[in-house]
Amino acid sequence: MRTLAQRRAITAWSFLTPMLVVLALVAGWPLLRTILLGFTDAGLGDFGESQFIGLANYRGLASDPYWWRAVANTLGFTLISVSIETVLGLIIALTLNTHLKARGLVRAAVLIPWAIPTVVSARMWGWMLNDLYGVVNAMLLGLGVIDRPWAWLADPTLSIASVIAVDVWKGTPFMALLSLAALQVLPREIYEAARVDGVSAVKVFFQVTLPLIRPALFVAILFRSLDALRVFDIIYVLTGDNPSTASMSVYARQQLIDFQQGGMGSAAATALFLIVAVFATIVVTAGRLRIGGVVR
Amino acid sequence: MKILGRIAFYLLVAFIVFYAVFPFYWAIVSSLKTGSALFTADLIPASSTFENYVALFREQPFARNILNSAIVAIVTTAISLGLAATASYALGRMAFRGRTAVSFVILSVSMFPQIAVLTGMFELIQVTGLYDSLSGLILADLILTLPFSTWVLTAFMGDLPRELEEAAIIDGAPPLRILTDVFIPVMAPALVATGLLAFILAWNEFLFALTFTLSEEQRTVPVAIALISGAGGYEIPWGRIMAASVIVTAPLIVLVLALQRRIVSGLTAGAVKG
């Protein structure tokens, strides 16, 4: 005779098993194979016959300037775009949290970049930033901000900034929505008390609002950062494999598919995986986050 | 001073709206221009034409690409929702040992980079003979939609009141019956929101679709749009690219605007708890 707790556990696991089996097949197994292939001389398609070569691929990565460029691009991209998106998202959220009449309209407008597929937004901006016929150059020339057309995507000193600008456009709505959700659950009484006491709006924001929404903001930043660290679509569509903008994901795919270096590609992917894992662990423990829902 | 502040505030709002909306507006305008008109920065086209739209469907299998994307996204979403609904019932409503560990695994999978499974998935798809097929993409896309759906549905499930299932348990109904008869009806709005977000994830997926398909006929929309290039590869047909962009984006925007509130609740339900 089984106890009630045992029976419950059996039921729970029988409900979980189908999902876990599929997850093991589509996530666990491919991840394991990628990590293992990173220690082999695999090409593309002959994975079964690949030979174990130890850390040679990792040594190859360490001595490849393009890899280090990709690491620097990815980290720079993540740091700058997530910072801008956080500040901008907060500003938009604060705007939406007021008694603005056109609030619904503004929220709808802000949702548009979020709804547009990444690839499509990259192509739209690719066209707008076109050096010869782009509307951005036309506008800036018209306003007198620049005196000749800029090669936003071709100039290696500008291209990473352009990529970041496009990502900011696409990623800010997410930050704005999550910040807004956090702002809307704050108790109104605090603000009324502050107003009665005559505390300035700026002071209220930094000393009351920000500390209260900090945990929610932290989670949003974590998610955006993880997204940014694995960035592929925006960069690949805007500037292709160009080393001046290539991220770690772009580098890894180029090794695997274009150079048919499965081993190197897997090693690069594994390195990115480790960076993401370490980053996530640090943020979650440092912020003492309880990432909701699941863990309750 | 107060009036200046108001004006500055409305300017800010106007700028936010302009910044968010203009690129899509510009895509629409550009898609209606052809020839040399495309290379002028007219904010309103002097004369509109649907030439780009016609060319898109006549000169490449764009209709087929749309159908591919729809099939992949719908099947992936259906599988994910089915598996996630049962799993989230266990995770959200039952106390058992190992629950935290399972939650942690699901969360980790939803966070890790797609590229980390690319080689292994390539091998899996090759071995199973699914290379250059929609089934291969459905299999691969599950890694995005399944953990996400499970996670969001678990959050929704956990928020429901305890009394909901108590009567059913006392009546001695089996767990599967409780799920289908008690929870699924109550969860309908949550399932719609989660399903929509999973659909968008699969519809927009690019890296797998780019890597695991070869022929133009098996491409999904994002890949087709990313790879549109002119004859001989000299002149990029921007008008046609913008037409394609408008076609795939318009329904998404309509959908998102119509279901604004639900999407926002879906995005924030599981995400944020301080």
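Residues numbered from 1 in each chain as written. Chains lettered and ligands numbered in written order. Predicted model: local features only at pLDDT ≥ 70, side-chain atom pairs only at ≥ 80, totals over all residues. Heavy atoms only, no water.

A. Quick peek at the pattern of salt bridges. Residue and element names in this part refer to chain A. Taken as a whole and assessed by the stated rule, the structure comprises 7 salt bridges over all chains. In this structure, D227 engages R224 in a salt bridge whose closest nitrogen and oxygen atoms are separated by 3.4 Å. In this pair, D227 and R224 both sit in helix α9 (residues 201-229), 3 residues apart, roughly one turn of the helix. By relative accessible area, which is 9% here, R224 ends up buried. Here R230 and D227 are joined by a salt bridge, their closest N and O atoms 2.7 Å apart. Of the residues examined, R230 reaches a relative accessible area of 22% and is grouped as partly exposed. What you see here is one network of salt bridges that share partners, running through E85, D167, R224, D227 and R230. (Salt bridge = Lys/Arg side-chain N within 4 Å of Asp/Glu carboxyl O. Helix = DSSP H or I, 4+ residues; strand = E, 2+ residues; numbered from the N terminus. Buried < 20%, exposed > 50% of the residue type's maximum accessible area, 1.4 Å probe, protein only.)

B. Fine view of the confidence of the model for chain A. All names here are of chain A. In the predicted model, chain A carries a mean pLDDT of 88, and 96% of its residues have values of at least 70. Across chain A, the secondary-structure element scoring lowest on mean pLDDT is helix α8 (residues 188-196), at 80, and the one scoring highest is helix α2 (residues 56-62), at 95. In the model, residues 292-296 has pLDDT below 50 throughout and makes 17 contacts with residues more than four positions away in sequence or in other chains. (pLDDT = per-residue confidence, 0-100. Contact = heavy atoms within 4.5 Å.)

C. Structural context of the domain arrangement of chain B. All names here are of chain B. On domain assignment, one finds that chain B holds domain 1 (2-49) and domain 2 (60-269). Taking only C-alpha atoms into account, the centre of domain 1 sits 33 Å from that of domain 2. Carbon and sulfur atoms supply 88% of the area that domain 1 and domain 2 bury against each other, a total of about 560 Å² over both sides. Area buried by domain 1 at its contact with domain 2 is led by F24, A27 and S31, which between them contribute 63% of it. The interface formed by domain 1 and domain 2 holds 0 salt bridges in total. In this structure, the connection of domain 1 to domain 2 is made through 0 residue pairs in polar contact (both at pLDDT 80 or more). Its residues assigned to classes, the side of domain 1 that touches domain 2 comprises 4 nonpolar, 2 polar and no charged. (Domains from an automatic or database assignment. Buried area = accessible area lost by both parts, 1.4 Å probe. Polar contact = N/O pair within 3.5 Å; in protein donor to acceptor, adjacent residues only side chain to side chain. Nonpolar A, V, L, I, M, F, W, Y, C, P; charged D, E, K, R; others polar.)

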